[in-house]
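Structural description and commentary
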Amino acid sequence: MAGTASVAGEVFVDALPYFDQGYDAAGVREAAGALVEEETRRYRPTKNYLSYLTIPDFATFETEIMRNEFERLAARQPMELLSMKRYELPAPSAGQKNDITAWQECVNNSMAQLEHQAVRIDNLELMSQYGTNAWKVYNE
């Protein structure tokens, strides 16, 4: 069994039952029971035994984004959905169905979006290949 160390005056800590040996030896359970009994005799909790502590100010750590989110949750409003508008490939309007330049703009838009996605994939592949070492060098 581990030795007991005095922490904060009268409290004795022996907190490694998963590591320490000897807890199933004769008399250990009775000794632990006696310690619990002695502690319960000494400690008589009052109705508000934390009254000497200052009231915590949880708002100290809140950011503006957190405050807005807490207000949204308190008002039971749904979360704003992710906008997928930039990924849409709109066809020409009904009045421009026969306009070649309108169709060409739509094709150019789709090609630009495909190129953007290809560049993102290239960046992810480069990051997976070189990112770890680059981060380690940066941290040194």
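Labelled according to an unreviewed UniProt entry, the protein chain appears under the name Pre-mRNA-splicing factor SPF27, originating from Notothenia coriiceps. The UniProt entry for the protein chain carries this comment under Subcellular location (unreviewed entry): "Nucleus". As its UniProt record puts it under Sequence similarities (unreviewed entry), the protein chain is described as follows: "Belongs to the SPF27 family."

1. As for the overall build of the protein chain
Each helix and strand counted, the protein chain has three helices and two strands in total. Listing the helices and strands of the protein chain from first to last along the sequence gives β-β-α-α-α. Evaluated residue by residue, the protein chain yields a buried proportion of 6% over its 140 residues. Summarising the internal contacts of the protein chain: among those between residues at least 6 apart in sequence, 17% fall at separations of at least 24. Looking at the protein chain as shown, the accessible area adds up to about 13300 Å², and 62% of this sits on carbon and sulfur atoms.

2. Things to note about the pattern of salt bridges
A full pass over the atoms with the stated rule returns three salt bridges. Of the charged contacts in the structure, one is a salt bridge between Glu69 and Arg72, with a shortest N-O distance of 2.3 Å. With a gap of three residues between them, Glu69 and Arg72 both fall in helix 2 (residues 64–74), about one helical turn apart. Each of Glu38, Glu39 and Arg42 takes part in salt bridges that share partners, so that together they form one network.

3. Description of the confidence of the model for the protein chain
Predicted coordinates in regions of low pLDDT should not be interpreted in detail. Mean pLDDT over the protein chain stands at 85; residues scoring 70 or higher make up 86%. For the protein chain, the element scoring lowest by mean pLDDT is strand 1 (residues 5–7), at 48; helix 2 scores highest, at 95.

4. A word on unusual backbone geometry
Its identity as a non-glycine residue notwithstanding, Arg76 has a phi of 55 degrees, on the positive side. Within the element layout of this structure, Arg76 appears in the loop between helix 2 and helix 3 (100–139).

5. Structural notes on a nonpolar patch on the surface
Residues Tyr43, Tyr49, Leu50, Tyr52 and Leu53 make up a contiguous nonpolar surface patch of about 580 Å² in total accessible area. Within the secondary structure layout, Tyr43 lies in the loop between helix 1 (28–42) and helix 2.

6. Quick word on the side chain of Arg72
Arg72 sits in the buried class, given a relative accessible area of 16%. Within the structure, Arg72 has its side chain in polar contact with the backbone oxygen of Gln77 (distance 2.6 Å). Setting aside its immediate chain neighbours within four residues, Arg72 contacts Gln77, Pro78 and Met79.

Cut-offs applied
- All residue numbers refer to positions counted from 1 along the written sequence of the respective chain.
- Totals for whole chains, interfaces and linings use all residues, but because this is a predicted model, local features are given only for residues with pLDDT of at least 70 and pairs of side-chain atoms are given and counted only at 80 or more.
- Hydrogens are left out, water is left out, and the side-chain values use all remaining heavy atoms of the structure.
- UniProt positions are given in the numbering used here, feature names are shortened, and annotations may be inferred rather than shown by experiment.
- The helix and strand labels rest on DSSP assignments: H or I over at least four residues marks a helix, E over at least two residues marks a strand, and numbering proceeds from the N terminus.
- Burial here depends on accessible area, computed with a 1.4 Å probe over protein chains only, as a share of the maximum for the residue type. Under 20% is buried, over 50% is exposed, and the range in between is partly exposed.
- Whether two residues are in contact is decided by their heavy atoms: any pair within 4.5 Å suffices.
- Surface exposure here means Shrake-Rupley accessible area, sampled with a 1.4 Å probe, where a residue is shielded only by the protein chains that are shown.
- The term salt bridge refers to a side-chain nitrogen of Lys or Arg lying within 4 Å of a carboxyl oxygen of Asp or Glu.
- Confidence scores per residue from the predictor, reported as pLDDT, run from 0 to 100.
- Patches in this entry comprise residues that are over 30% relatively accessible and not in a salt bridge; like charges within 9 Å are linked, as are nonpolar side chains (Val, Leu, Ile, Met, Phe, Trp, Tyr) within 5 Å.
- Whenever two N or O atoms come within 3.5 Å, that pair is a polar contact, provided that in protein one can donate a hydrogen and the other can accept it, and provided that, for residues adjacent in sequence, both atoms are side-chain atoms.

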